[in-house]
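Single-letter residue listing:
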Amino acid sequence: MIRPSEITWRNGLIIPIGVGWLAIARPEKLPPWVLALGAGLTVAGLAMRLWSAGCLIKNDKLSTGGPYRFLRDPMYFGSMLCVTGLLTAAGNFGMLVAFHVVFHLFVMPRKQRQEGQRLLRRFGTDYANYVVSVSSLVPRLVPYDSKEPTEFDFKHALVRNHEWGIWMLVLAVGAVLAAKAAGLTPWLKLPWQAPWWL
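Thresholds applied
- Residues numbered from 1 in each chain as written.
- Predicted model: local features only at pLDDT ≥ 70, side-chain atom pairs only at ≥ 80, totals over all residues.
- Heavy atoms only, no water.
- Helix = DSSP H or I, 4+ residues; strand = E, 2+ residues; numbered from the N terminus.
- Phe/Tyr/Trp six-rings, centres within 6.5 Å; stacked < 30°, edge-to-face > 60°.
- Buried < 20%, exposed > 50% of the residue type's maximum accessible area, 1.4 Å probe, protein only.
- pLDDT = per-residue confidence, 0-100.
- Contact = heavy atoms within 4.5 Å.
- Salt bridge = Lys/Arg side-chain N within 4 Å of Asp/Glu carboxyl O.
- 1 Å grid on protein atoms, 1.4 Å probe; cavity = no way out; pocket = protein on both sides within 12 Å on 5 of 7 lines; lining within 4 Å.
- Points joined across faces, edges and corners; volume = space filled by probe spheres on them.
- Core = buried A, V, L, I, M, F, W, Y, C linked by side-chain atoms within 4.5 Å.
- Bend = angle between axes of the 7 residues up to and from the residue.
- Patch = residues over 30% accessible without salt bridge, like charges linked within 9 Å, V, L, I, M, F, W, Y side chains within 5 Å.
- Areas by Shrake-Rupley, 256 points an atom, 1.4 Å probe, with all protein chains shown as cover.

## What about the environment of Ala182?
Right, so step 1: Along the chain, Ala182 falls in the segment after α7 (163-181).
Right, so step 2: Residues Ala182 and Pro27, spaced 155 residues apart in sequence, show a C-alpha to C-alpha distance of 8.6 Å.

Right, dumping it as structure tokens:
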């Protein structure tokens, strides 16, 4: 449950921005294969996030097992797939390009600076060796030789790492997009034509 102290102005903007985005989404104009591609990417992203969250013990140990044998940031990789899939299914290809520019040029570098320094201070050479061997977002073809046993905890993923909220949000958005594609939400649209580049 979200406590009042955790609510920020950024969180407060999520709902109006989300409704506005859904209003300009145009899945009804897309061919079925594009919708299927978007759905597939979204499901793959959710699965990657769930797997990663089930193998992640935050701050207690350096996670190098499970999906962390292939990617240093599998949860961010899963989020990238989810957003890519939803924007594809929504037909918002301009937003898709903008998302990847911001994600790769601003979000990930900032994340690497802040989290990388913290993990290096905490885990020292173990983390330094891991960074050299495993890429952030480009999967390894050969799994990293991790000494950590690969254990997945479903409850840990959903409860402690809060994946249930991400799943509910993404599935709700997906349901709205599916309803728009089927023509069931004529009320959820702008009174004017959205620019083609969105």
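## Side note on the packing of aromatic side chains
Right, so step 1: What the rule picks out here adds up to three aromatic pairs.
Right, so step 2: On the numbers, 6.5 Å between centres and 55 degrees between planes, the contact of Phe152 with Phe154 is tilted.
Right, so step 3: A residue is classified by how much of its surface remains accessible, and Phe152, at 40% relative accessible area, is partly exposed.
Right, so step 4: A relative accessible area of 47% means that Phe154 is categorised as partly exposed.

## A look at the confidence of the model for the chain
Right, so step 1: Per-chain confidence: the chain averages 84 in pLDDT, with 85% of residues scoring 70 or above.
Right, so step 2: In the predicted structure, residues 1-7 sits below a pLDDT of 50 and forms three contacts with residues beyond four places in sequence or in another chain.

## Digging into the pattern of salt bridges
Right, so step 1: Throughout the structure, instances matching the rule amount to four salt bridges.
Right, so step 2: Among the ionic pairs, Glu163 bridges to Arg49, the shortest N-O distance being 2.5 Å. Separated by 114 residues along the polypeptide, Glu163 in helix α7 and Arg49 in helix α2 (residues 32-54) bring together distant segments of the chain.
Right, so step 3: In this structure Glu163 comes out as buried when scored by relative accessible area, which is 0%.
Right, so step 4: Its relative accessible area of 12% is what places Arg49 among the buried residues.
Right, so step 5: In this structure, Lys111 engages Asp73 in a salt bridge whose closest nitrogen and oxygen atoms are separated by 2.0 Å. Of this pair, Lys111 sits in helix α4 (residues 93-123) while Asp73 sits in the loop between α2 and α3 (74-90), and the two are 38 residues apart along the sequence. Each member of the pair Lys111 and Asp73 is classed as buried.
Right, so step 6: Here the salt bridges do not stand alone but share partners, grouping Asp73, Lys111, Glu115 and Arg118 into one network.

## What to know about the layout of surface pockets
Right, so step 1: Estimates place the volume of the second largest pocket at around 400 Å³.
Right, so step 2: Forming the boundary of the second largest pocket are 22 residues, of which Leu56, Tyr68, Lys111, Glu115 and Leu119 lie nearest the centre.
Right, so step 3: Listing elements by their share of the lining of the second largest pocket, those giving two or more residues are α3, α4 and α5 (125-133).
Right, so step 4: Residue contributions to the lining of the second largest pocket peak at seven residues, all from α4.

## What to know about the nonpolar core
Right, so step 1: Ranked by internal contacts, the top residues of the largest apolar core, which has 22 residues, are Trp21, Phe77, Leu86, Phe103, Val173 and Leu177.
Right, so step 2: Only α1 (9-24), α2, α3, α4 and α7 provide two or more residues apiece to this core.
Right, so step 3: The element contributing the most residues to this core is α3, with eight residues.
Right, so step 4: Among residues more than four places away in sequence, those in contact with Phe77 are Met48, Leu71, Leu137 and Pro139.

## Considering α4
Right, so step 1: At Phe103, α4 shows its maximal bend, which comes to roughly 40 degrees.
Right, so step 2: Among the residues of α4, those classed as buried are Leu96, Phe99, Phe103, Met108, Lys111, Gly116, Leu119 and Phe123.
Right, so step 3: Against the buried residues of α4 lie α3 and α5.
Right, so step 4: In the stretch just after α4, Gly124 is the one whose phi turns positive, near 60 degrees.

## A short note on a nonpolar patch on the surface
Right, so step 1: The grouping of Tyr76, Val97, Val101, Val102, Leu105, Phe106 and Val107 at the surface amounts to a nonpolar patch, some 630 Å² of accessible area in total.
Right, so step 2: The leading source of residues in the nonpolar patch is α4, at six residues.
Right, so step 3: Classification of Tyr76 as partly exposed rests on a relative accessible area of 31%.

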